Amino acid sequence: MPMIQLTAPSGALTDQGRAEVQRELARALLRWEGAPDTAFFRAQGWSYLTELPAQAQTTAEDDLPRFRVDVTVPEGADRSSGTRT
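The following refers to the structure shown. (Residues numbered from 1 in each chain as written. Predicted model: local features only at pLDDT ≥ 70, side-chain atom pairs only at ≥ 80, totals over all residues. Heavy atoms only, no water.)

A closer look at the nonpolar core
The condition is simple: Side-chain atoms within 4.5 Å are what join buried Ala, Val, Leu, Ile, Met, Phe, Trp, Tyr and Cys residues into a set we call a nonpolar core. Under the scheme applied here, a residue whose accessible area is under 20% of the maximum for its type counts as buried, over 50% as exposed, and between as partly exposed, the area being computed with a 1.4 Å probe on protein chains only. The secondary structure listing takes helices from DSSP runs of H or I that are at least 4 residues long and strands from runs of E that are at least 2 residues long, numbered from the N terminus. In this description, contact between two residues means that some pair of their heavy atoms is separated by no more than 4.5 Å.
Among the nonpolar cores identified, the biggest contains six residues, and these are Ile-4, Leu-6, Ala-8, Leu-13, Leu-25 and Leu-29. Counting only elements with at least two residues in this core, the list comes to β1 (3-9) and α1 (15-33). With three residues, the top contributor of residues to this core is β1. In this structure Leu-13 touches Leu-6, Ala-8, Arg-18, Val-21, Leu-49 and Phe-67, once residues within four positions along its chain are discounted.

What to know about the environment of Leu-64
Within the secondary structure, Leu-64 sits in the loop between β2 (46-52) and β3 (68-72). Considering only alpha carbons, one finds Leu-64 and Ala-12, 52 residues apart in sequence, at a separation of 10.0 Å.

See the structure below:
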């Protein structure tokens, strides 16, 4: 199954923002993979949110929040049909 994981600093997202961004990322992942918009495929698009504790991420320049998105798809997945080859 395709998975997408968002890593964000704690407090950077509201409760509503958390729910919305996870669903939208899962939908985007399925679109990128060319999966049909069906209940079966929507159930296969997994989205994870990892929130880092305060001061767990920084840069040498500033303390602005940074977000990381990691995408995992099954090896051999055919993007055009949403099936394995």
